[in-house]
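Structural overview for review
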Amino acid sequence: MTYDLHIHSCLSPCGDNEMTVNNIVNMAMLKELDVIALTDHNSSRNCPAFMEAARNVGIRAIPGMEINTSEEIHAVCLFPTLEQAMDFDAYVFSTMPPVKNKPEIFGDQIIVNENDEPIGKMDTLLITASGVSYSELPELMARFGGIFFPSHIDRSSNSLVAIMGGVPEDVEFPFYEFYHLGLYDEFMESNPCLVGKPWLHNSDAHYLWDIAEPERHLDPRIEEMLRKHGLI
Ligand SMILES: [Zn+2]
Ligand SMILES: [Zn+2]
């Protein structure tokens, strides 16, 4: 299956305002991707429109979120159903510090409907650290029925390895996201515990043209895990 399981919409302040749900699903259709996920920073509030837009064009879609943990580690959380994603959204929102967005500095945080019409804006700044710690994620995913993977594990900011100085042994994750493909071998040399573990490469798109090309297929082990969790 070709995929892109890490895409931001116009709800993320850093996401382009053209990243409406129909633009995202139509671009994914054009690129002939088999499965996509919407993963805005600390929020799933564009997932209702995203799932509807995806249903209308017939592309497989997964509701999700890229959580920013209290340690400023990014992790993508995916859910089998919209209801589960929205329950998790409500929980994460309850832990957010009361910091207001300044759109002129951080960008707009637009909620759209299934026709791409703006129906609201989030006032709380979504790119701050939530109150959820990284070590809580396995338990929270069990509670809310989702699955998580550390985002862009090899990046120098907001990644598990950059923040923790390595991969902590006490928090299990089923697979991880790798970003700079050209640096894979070098990265594995300094993080041998990741060797052999399945990984995926997503676009982390904030602009339409960044959405993945259909050039990579899901690792069969990841595909099986996604099926087992009812995500695809
Ligand atoms: Zn990220
Ligand atoms: Zn991201």
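**Description of the overall build of the protein**
For the protein, the count of helices and strands is 8 helices and 9 strands. Whereas a compact globule of 232 residues would reach a radius of gyration of roughly 17 Å, the protein reaches 16 Å, a difference of no more than 12%. Here the protein holds 232 residues, and 42% of them are scored as buried.

**Topic: the nonpolar core**
Counting residues in hydrophobic clusters, the biggest one holds 63 residues, and the most contacted among them are Ile24, Phe50, Ala75, Cys77, Leu78 and Phe148. The element best represented in this core is helix H2 (residues 47–57), accounting for 6 residues. Here Phe50 is in contact with Val21, Leu38, Ala61 and Pro63, once residues within four sequence places are set aside.

**Brief notes about the sheet that holds strand S3 (residues 60–68)**
Spatially, the 5 strands line up as an open sheet ordered S1-S2-S3-S4-S7, and their pairing is mixed. The strands lining the two open edges of the sheet, one partner per strand, are strand S1 (3–7) and strand S7 (147–150). Between one strand axis and the next, the sheet turns through 25 degrees on average, direction left out of account. Of the pairings in the sheet, the one linking S1 to strand S2 (residues 35–38) comprises 3 bridges and is parallel in character. From the neighbouring strand, Tyr3 faces S2, where its bridge partner is Val35. Packed on one face of the sheet, helix H3 (residues 82–94) meets S3 and strand S4 (74–78) and runs near 15 degrees to S3.

**A word on the pairing of strand S6 (residues 118–121)**
Pairing of strand S5 (residues 110–112) with S6, which is carried by 3 bridges, proceeds in the antiparallel orientation. Across the sheet, the residue bridging to Val112 is Pro118, located in S6. What sits between S5 and S6 in their antiparallel hairpin is a turn of 5 residues, with Asp116 showing a positive phi close to 70 degrees.

**Description of the environment of Ile24**
Inspection of the secondary structure puts Ile24 in helix H1 (residues 21–30). Distance in space between the C-alpha atoms of Ile24 and Ser43 is 17 Å, their sequence separation being 19 residues. Setting aside residues no more than four positions away along its own chain, Ile24 makes contact with Ile7, Ser9, Met19 and Ile211.

**So, H1**
Within H1, burial applies to Val21, Ile24, Val25, Met27 and Ala28. Here the buried residues of H1 occupy an arc of 160 degrees about the axis, which is enough to place them on one side. Directly beyond the C-terminal end of H1, a positive phi value near 60 degrees is found at Glu32.

**Side note on the pairing of S2**
Side chains Val35 and Ala37 project from S2 onto one buried face, and the interleaved Ile36 and Leu38 project onto a second face that is buried too. Where the polypeptide runs from S1 across H1 and back to S2, its parallel neighbour, the crossover connection is right-handed. For S2 and S3, the ladder comprises 4 bridges, and the chain directions are parallel. Bridge assignment links Val35 to a residue of S3, and that residue is Arg60.

**Topic: the packing of H1 against H2**
The interhelical angle for the contact between H1 and H2, taken along N-to-C directions, is 40 degrees, at an axis separation of 9 Å. By the angle between their directions, the pair H1 and H2 is classed as oblique. Regarding H1 and H2, the two cross each other, and that crossing is right-handed. Counted together, Val21, Asn22, Val25, Asn26 and Met29 of H1 and Ala49, Phe50, Ala53, Ala54 and Val57 of H2 form the full contact between these two elements. Of the residues assigned to the contact of H1 with H2, the class counts are 8 nonpolar, 2 polar and no charged.

About the criteria used
Residues numbered from 1 in each chain as written. Chains lettered and ligands numbered in written order. Predicted model: local features only at pLDDT ≥ 70, side-chain atom pairs only at ≥ 80, totals over all residues. Helix = DSSP H or I, 4+ residues; strand = E, 2+ residues; numbered from the N terminus. Rg over C-alpha atoms; globule rule 2.2 N^0.38 Å. Buried ≥ 20, exposed ≤ 12 C-beta atoms within 10 Å, placed from the backbone. Core = buried A, V, L, I, M, F, W, Y, C linked by C-beta atoms within 7 Å. Contact = placed C-beta atoms within 7 Å. Pairing = 2+ DSSP bridges. Axes fitted to C-alpha atoms, helices over the stretch in contact; angles between N-to-C directions. Arc of directions from axis to C-beta. Right-handed = clockwise from strand over helix to strand, strands pointing away. Parallel < 35°, antiparallel > 145°, perpendicular 65-115°, else oblique. Left-handed = near helix turned anticlockwise from the far one by under 90°. Nonpolar A, V, L, I, M, F, W, Y, C, P; charged D, E, K, R; others polar.

Everything listed here is a matter of coordinates, which is why it stays silent on function.
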